Amino acid sequence: MSGKPLPSGGDKVFLAATTVAVAVVCVSALFVTGEAGKGSGAEMSTIAEHLVNGRGYASPYLPPEQATPTTVSPPLYVWLMAGTYELFGIKSFTSRLLLQLLNIAFHCSTLIVLFHFCRRTLSLQAARAFAVLYCLHPHLIYLPSNIWETSLTTFLLSLILYIATFHLAQYKTRGLILFGVLLGITSLSNPAWTISYPFICLLPFLLQRNRPLIAPLLKALPLITLAFTLVVSPWVYRNYLVTGEFIFVRGMTGPEWFKGNNEISGGGHGDGFVRYYLLANVAEDERQKLATLGEQGYNDHTMQAALDFIREHPQDFALLTAKRILMWWTGDLDATHWYYQQRNSSFLTGSGSSHYFLLGLLLTLSGAVTSLFAFAGLYHINRPRQRLWALYVYLILLPLPFYLIIAGFRYQSALMPFLLIPASHAVTLLLARIQSRNTMTWAASAH
C-alpha cells in the first residue's frame, strides 16, 4: 500500500501552485462577499469571550451575570479563539480576520494531505483534478469564512485518513501513541466524528494480508486507546465536575435533537431550527426555560420533547429522516427556503437574506452535482477497493448522526473534501472519455 513513488518535481510545483490558488481564492472571497472579519462563531465566540473576561467556560445563551459552566461546545477551537481574543481584542475585526486566515491555513493543509492521498490511492490525474475542484468548489470557498472548528476538524480528519491508510499497520509504540493523541485532539475539536474511530483503528490490521493479526492488534489497540483516553479524560472529568454526569466532550445534545425533530421542523436549519435556537431572537421563552431548569435540566427537557415527538409521530420522523438524507447529499433546502421567506423580514436585512438564499441555492446545486460524480466515481473504481476503506468509513458513518438529528451546510462542508476524492476520479474518467472521443473524431475526419 505504500509502494507508490514519491511525487515528482512537477507534482510538487502543481500542488504548490494550487495551494496558493486556494489561499488566494478564499481570501479574495472574504473581501468580495464582505465576510472578512465578520464570522460570528456563535456559541464558541461567546464562550471564548467569557474566558477572556474571567467568567470561565460559561453558557453562551444567558446574560453574563447569569452564565453558568457549560458543555455546549467542544473546547479546542474555543481555546484557540480565546487566545486570539486575548491578544487582538474580543470579537474585533482583527481577531475575526486572523481566525478566518487561520482557517484558510488549515484548509490549505487539508488540500496538501488529500492530494497525496488521491495520488497514492487513485492516480496522479485524479489528484490534480481533486486540487482544481478543491480550489473552485463553492462549499470549500465558503467553509473557512465561518469562525467554527470545521476547517480545523477537517484537517485533523484528513491526517487520520492518510495515516490510517498508509502507516498505522506498520507503526511501532511511539507512532501508535501519537495516533491515539491525534484521535483525542480531533474529538476535542468535534466529538461527533468519534463514531468512526473503532473502524479506523481496526481495519488497517484486518486488511493486512499474510501477516499476523492478533498480536499486532493486542499491542496497537491498548496503546491507541490509552493515548486517546489521556487526551480527552481531563475535559470529560471537567464536565463531570460541573454537571455531575458523564458527558463525553460535548453535551447539550437534547436541544439539537429537538431542533431537528419538532412539529415545524423541516429537517434542516429552517423554521423548526430557528424557533428553538437559543441564540435566535424568537427563542426568548426557550432561554427562560434554560435559566429556570439549568443546562442539564434543559437538556433533559428538550431530549424528552424530541423523543416524545418521534414516538408520537413516527411517520413524520421517518419523513424528516428521509429529507435529511436527501439534504445531506444535496443541500440544506430547509434553510434555503427559510432565507427565501425572510428576504423582506426585519429579522434580517433584505439584501443579507437574499444573499444567503442565493448562497443556499449555489451550495445545494454544487452539493448535488458533487454527490452524483462521487457515486459514479465510487462505482467505477477498478483499483483494489481496500485502499479506500477508510474513505468509505467516513462517507458512510460520519453522516449517520445528522440523518437522525439535523442537516446543514456547515456539517456537509466538513466532509466535502472527502466526497471530492471519488468525484475527482469520475471527472478524470469523463475527461479521458471526451479526449478519446475527440481523438477518434479527429482521426476519422483526417481520413
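See the structure shown above.
Conventions and cut-offs
Residues numbered from 1 in each chain as written. Predicted model: local features only at pLDDT ≥ 70, side-chain atom pairs only at ≥ 80, totals over all residues. Heavy atoms only, no water. Salt bridge = Lys/Arg side-chain N within 4 Å of Asp/Glu carboxyl O. Helix = DSSP H or I, 4+ residues; strand = E, 2+ residues; numbered from the N terminus. Buried < 20%, exposed > 50% of the residue type's maximum accessible area, 1.4 Å probe, protein only. Axes fitted to C-alpha atoms, helices over the stretch in contact; angles between N-to-C directions. Parallel < 35°, antiparallel > 145°, perpendicular 65-115°, else oblique. Contact = heavy atoms within 4.5 Å. Nonpolar A, V, L, I, M, F, W, Y, C, P; charged D, E, K, R; others polar. Phe/Tyr/Trp six-rings, centres within 6.5 Å; stacked < 30°, edge-to-face > 60°. Lys NZ or Arg CZ within 6 Å of the ring centre and 35° of its normal. Expected span 1.5 Å × (residues − 1). Disulfide = S-S within 2.5 Å.

*Asks:* Which residues make up the pattern of salt bridges, and what values go with them?
*Replies:* Going through the model one piece at a time under the given rule, you end up with eleven salt bridges. The closest approach of N and O atoms between Glu284 and Arg287, which form a salt bridge, is 2.8 Å. Placement of the pair is Glu284 and Arg287 together in helix H13 (residues 284-312), with a separation of three residues, close to one helical turn. Of the charged contacts, one joins Lys289 and Glu286 as a salt bridge, the two residues approaching to 3.3 Å between their closest N and O atoms. Of the two residues, Lys289 and Glu286 both sit in helix H13, three residues apart, roughly one turn of that helix. Owing to a relative accessible area of 2%, Glu286 belongs among the buried residues under this scheme.

*Asks:* Can you tell me about the packing of H13 against helix H14 (residues 314-328), naming the residues and giving the values?
*Replies:* Remark: H13 packs on H14, axes separated minimally by 5 Å, with the N-to-C direction vectors making an angle of 105°. Taken together, the axis directions place H13 and H14 in an arrangement best described as roughly perpendicular. Contacts between H13 and H14 involve Phe309, Ile310, Arg311 and Glu312 from the first element and Pro314, Asp316, Phe317 and Leu320 from the second. Among the residues making up the contact of H13 with H14, the classes are represented as five nonpolar, no polar and three charged.

*Asks:* Account for the packing of aromatic side chains, naming residues and giving values.
*Replies:* What characterises a pair of aromatic rings is the spacing of the ring centres plus the angle enclosed by the ring planes. Per the counting criterion, the structure on display carries 19 aromatic pairs. Measuring from ring centre to ring centre gives 4.5 Å for Phe258 and Tyr276, while their planes differ by 55°; the resulting arrangement is tilted. In this pair, Phe258 sits in helix H11 (residues 253-260) while Tyr276 sits in helix H12 (residues 271-276), placing the two residues 18 residues apart along the sequence. For Phe258, a relative accessible area of 11% translates into the label buried. Pairwise contacts between aromatic rings join Trp193, Trp328, Phe402 and Tyr411 into one cluster. The ring of Phe14 has Arg128 sitting right over it, with the charged end atom 5.0 Å from the ring centre.

*Asks:* Quick one: what's the story with helix H3 (residues 75-88), residue by residue and with numbers?
*Replies:* Side chains of residues three or four places apart in an α-helix project in the same direction, reflecting 3.6 residues per turn. Spanning 14 residues, H3 covers 20 Å between terminal C-alpha atoms, matching the ideal 20 Å at 1.5 Å per step. Within H3 the residues assigned to the buried category are Pro75, Tyr77, Val78, Met81, Ala82, Thr84 and Tyr85. Phi turns positive one or two residues past the end of H3, at Gly89, with a value near 105°.

*Asks:* I'd like a rundown of the state of the cysteines, residues and numbers included.
*Replies:* Scanning the entire structure with this criterion turns up zero disulfides. We note that Cys118 lacks a disulfide partner, and the nearest cysteine sulfur, in Cys135, lies 15 Å from it. Since its relative accessible area comes to 0%, Cys118 is described here as buried.

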